[in-house]
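Overview (structure and organization)
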Amino acid sequence: MIDIKLIRENPDFVQRSLEKRNDTFAVGEILELDVSYRKSLQRQEQFRAQHKKMSKQMSNPSERSPELTLEMRRLGNEISALQEETSKTRSDLEASLLTLPNIPHESVPLGNDASDNTVVRTWGEPKTFPFEPLPHWELGEKLNIIDFQRGVKLSGSRFYVLKGWGAHLQRSLISFMLDTHVRDHGYREIYPPFMVKRECLVGSGNLPKFGDNLYHDKEEDYWFIPTAEVPLTNFHRDEILDAEDLPLSYVAYSTCFRREKMTAGKDTRGIKRGHQFDKVELYKFTRPENSDEDLEKLTADAEDICQRLGLTYRVVQLCTGDLGFASRKTYDIELWAPGCNEWLEVSSCSNCGDFQARRANVRYRPEPGARTQFVHTLNGSGVALPRLLIAILENYQQANGTVLIPEALAPYMELRQG
RNA sequence: GGAGGGAUCGCAUAGUGGUCUAGUGCGGCCGCCUGCUAAGCGGUUACCCCGAGAAAUUGGGGUCGAGGGUUCGAAUCCCUCUCCCUCCGCCA
């Protein structure tokens, strides 16, 4: 959420910044709501103060009178009418504020869409093969480790089953990534709930605008997380963190659930885009002055996974038009997949500034006795699984149709299975 | 799912309709005293919103798990919900 005070004091800046996202937003409307909210709030508080004084008089039996009682009743009615008006305006204002995306960081390059993103760096070279490399869906079926038909039988389109060595590989990757981030990058491991309350999705920025991409149990009002970023953002909701604990770095494995109904027909081949996938997520709560630097660190931590696995990747900086709703600055990490011949997004590392912290009300106290302030939050996959699996299968395939195990995974793959 | 008990300013607790501007103890912080430490003494100790001010500050309002109701007036009475505890049922 954008600070209403910033909008109030600098509406042109906010308007101009949001326009960089190549979309339009009702900043003027919000300003009007803000004015009328504060006007009716002030009137209400004035009446309340008066009412309070009279009430004090009433507490003394000798000052009680039928006239005073009557007057207070009248005032009381007036206050509740005003109260209704005030809270209506306030919730309208809040609802509007919740639909505004974050303000892009001034360093983010201008652009309309993904085609304006810029490659920041590339690690490794796209691998060349003395034979025609197969796409993972063919490798998966040949090796009998990915079962598309049974996935559809069990759950419908965009579901698949990993079998034997394939399932084992995924499980090993999860352990490898968690171990690496905990042992070598200083993150604390979290196992979060995969179903959360509505307000968690509001805190992370998925609601109210993007509900159509989420699975929801209406009976119990549980929401299935589209990423572990959601429970992690809300882990410290309504808390005031100790300044000396910052930055707090968390790593969480979770399954993720997404409807993906807008892209029916696209990316249907293979395991690139499903309704359910696994992911290891990195998350940081930082002091505002450190968040830019911490984004570089977090991105490097995700990149390190790709490097240890010997996979070619590139880091792409998103332009203003392609930035996610909650993000002010984002780097995507894309792995090269020689079989399907494309760069696969396996991580999106974002600095959300105080946007999510404001929504989830996560604060800290910079100095003892100082006013509380919102922290900055960062997130990024470290990294997403099906696509990592794709990259390993396609990069490590051999002429005879087998797939080698990356050296870093060897300790995790000692169990032999078909 | 059933029955009962509970939720108060970091922690513990008091408060059963107006004097609550929520008391007290502990802990924390500041100061005094003091060879040192402990003790003692004094002060201080939440969060949010609106207004004034360049600022330090300052005026007002709100918050006793959440929301509604009764009343001139609610921490206190009534209703609904959430969470926690005990027991029963059911399970991994």
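Residues numbered from 1 in each chain as written. Chains lettered and ligands numbered in written order. Predicted model: local features only at pLDDT ≥ 70, side-chain atom pairs only at ≥ 80, totals over all residues. Heavy atoms only, no water.

1. Some points on the overall build of chain A
Note the threshold: The numbering of helices and of strands both runs from the N terminus, where a helix is a DSSP run of H or I of at least 4 residues and a strand a run of E of at least 2. Here the term buried applies to any residue with accessible area under 20% of the maximum for its type, exposed to any over 50%, and partly exposed to those in between, with areas from a 1.4 Å probe on protein chains only. By definition in these notes, contact holds between two residues if any of their heavy atoms fall within 4.5 Å. In this description, accessible areas are obtained by the Shrake-Rupley approach with a 1.4 Å probe, and a residue is regarded as covered only by the protein chains that are shown. Charge convention: Lys and Arg are scored as positive, Asp and Glu as negative, and His as well as the terminal groups of each chain are ignored. Each charge is placed at NZ for Lys, CZ for Arg, CG for Asp and CD for Glu.
When helices and strands are counted, chain A shows 12 helices and 16 strands. With the C-alpha coordinates of chain A rotated into their principal frame, the extents come out at 100 × 45 × 45 Å. Counting only residues that meet the buried cut, chain A has 50% of its 418 residues in that class. When contacts within chain A are restricted to residue pairs at least 6 apart in sequence, long-range pairs at least 24 apart make up 75% of them. Working note: accessible area of chain A is about 20,700 Å², and carbon and sulfur atoms make up 48% of it. Treating the 54 positive side-chain charges of chain A as one cloud and the 62 negative ones as another, the clouds have centres 3 Å apart.

2. Focus: the protein's contact with RNA strand B
Stated precisely, the cut-off is as follows: We call a residue near a molecule or strand when any one of its heavy atoms sits within 4 Å of it. Here a polar contact means two N or O atoms within 3.5 Å. Within protein one must be a hydrogen donor candidate and the other an acceptor candidate, and residues neighboring in sequence count only if both atoms are side-chain atoms. When residues are grouped by polarity, Ala, Val, Leu, Ile, Met, Phe, Trp, Tyr, Cys and Pro land in nonpolar, Asp, Glu, Lys and Arg in charged, and all others, Gly among them, in polar.
What surrounds RNA strand B is a group of 22 residues, the closest being Arg38, Arg73, Arg363, Arg365 and Thr372. Contacts to RNA strand B include Glu45, whose side-chain N or O atom sits 3.1 Å from a base nitrogen. Arg64 is positioned with one of its side-chain polar atoms (N or O) 3.4 Å from a base nitrogen of RNA strand B. The set of elements that each furnish at least two residues to the surface near RNA strand B consists of helix H1 (4-9), helix H3 (27-58) and helix H4 (66-98). The element that contributes the greatest number of residues to the surface near RNA strand B is H3, accounting for 11 residues. By residue class, the composition of the surface near RNA strand B is 6 nonpolar, 6 polar and 10 charged.

3. Brief notes about the sheet that holds strand E4 (residues 188-190)
The line we're drawing: We call two strands paired when DSSP finds no fewer than two bridges between them. Lines fitted to C-alpha atoms define the axes here, with helix axes fitted over just the stretch in contact, and angles between the N-to-C directions of these axes take values from 0 to 180 degrees.
Strands sit in the order E1-E11-E12-E13-E16-E10-E9-E4 across an open sheet of 8 strands; the sheet is mixed. Whereas interior strands pair on both sides, the edge strands pair on one side only; in this sheet they are strand E1 (118-123) and E4. Mean inter-strand twist for the sheet, computed between neighbouring axes without regard to direction, equals 25°. Relative to strand E12 (residues 329-337), strand E11 (residues 313-317) is paired through 5 bridges, and the arrangement is antiparallel. Within E12, the position partnered with Val315 by the bridge is Ile333.

4. What about the packing of aromatic side chains?
To keep things clear, this is the line we draw: A pair of aromatic rings is counted whenever rings of Phe, Tyr or Trp (Trp by its six-membered ring) have centres within 6.5 Å, and the orientation is called stacked for planes under 30 degrees apart, edge-to-face for over 60 and tilted otherwise.
According to the stated counting rule, one finds 11 aromatic pairs in the structure shown. Here the aromatic rings of Phe176 and Tyr412 are separated by 6.1 Å at their centres, their planes lie at 75°, and the arrangement is edge-to-face. Taken together, the residues Phe176 in helix H7 (residues 164-185) and Tyr412 in the segment after helix H12 (385-395) connect sequence positions 236 residues apart. Taking 5.5 Å as the distance between ring centres and 80° as the angle between the ring planes, the aromatic pair formed by Phe325 and Phe355 counts as edge-to-face. Within this pair, whereas Phe325 is found in the loop between E11 and E12, its partner Phe355 is found in helix H11 (residues 355-360), the two being separated by 30 residues in sequence.

5. Thoughts on the packing of H3 against H4
Let me state the cut-off plainly: When describing relative orientation, an angle under 35 degrees is termed roughly parallel and one over 145 degrees roughly antiparallel, while 65 to 115 degrees is termed roughly perpendicular and anything else oblique. Whether a crossing is left-handed or right-handed is set by the direction in which the near helix is turned from the far one by less than a right angle, anticlockwise for left-handed and clockwise for right-handed.
At a minimum axis distance of 8 Å, the contact between H3 and H4 shows a crossing angle of 155°. For the element pair H3 / H4, the angle class is roughly antiparallel. Regarding H3 and H4, the two cross each other, and that crossing is left-handed.

6. Looking at the domain arrangement of chain A
Quick note on the threshold: The start and end points of each domain follow an automatic or database-based domain assignment. Accessible-area loss on putting two parts together, using a 1.4 Å probe and summing over both, is the definition of buried area adopted here.
If you check the domain split of chain A, you get domain 1 (4-98) and domain 2 (114-412). Once you take the C-alpha centre of each, domain 1 and domain 2 turn out to be 42 Å apart. Across the contact, 4 residues belong to domain 1 and 10 residues belong to domain 2. By the criterion of area lost to domain 2, the three top residues of domain 1 are Lys20, Arg21 and Leu98, representing 87% of everything that side buries. Our count for the domain 1 to domain 2 interface comes out at 5 residue pairs in polar contact (both at pLDDT 80 or more). In the side of domain 1 that touches domain 2, the residues fall into 2 nonpolar, no polar and 2 charged.

7. Details of the sheet that holds strand E7 (residues 222-224)
One open sheet holds the 3 strands; their spatial order is E5-E7-E6, and the pairing between them is antiparallel. Two strands lie at the open edges of the sheet, namely strand E5 (195-196) and strand E6 (216-217), each paired on one side alone. The pairing of E6 with E7 spans 2 bridges and is classified as antiparallel. The residue bridging His216 from the neighbouring strand is Trp223, located in E7.

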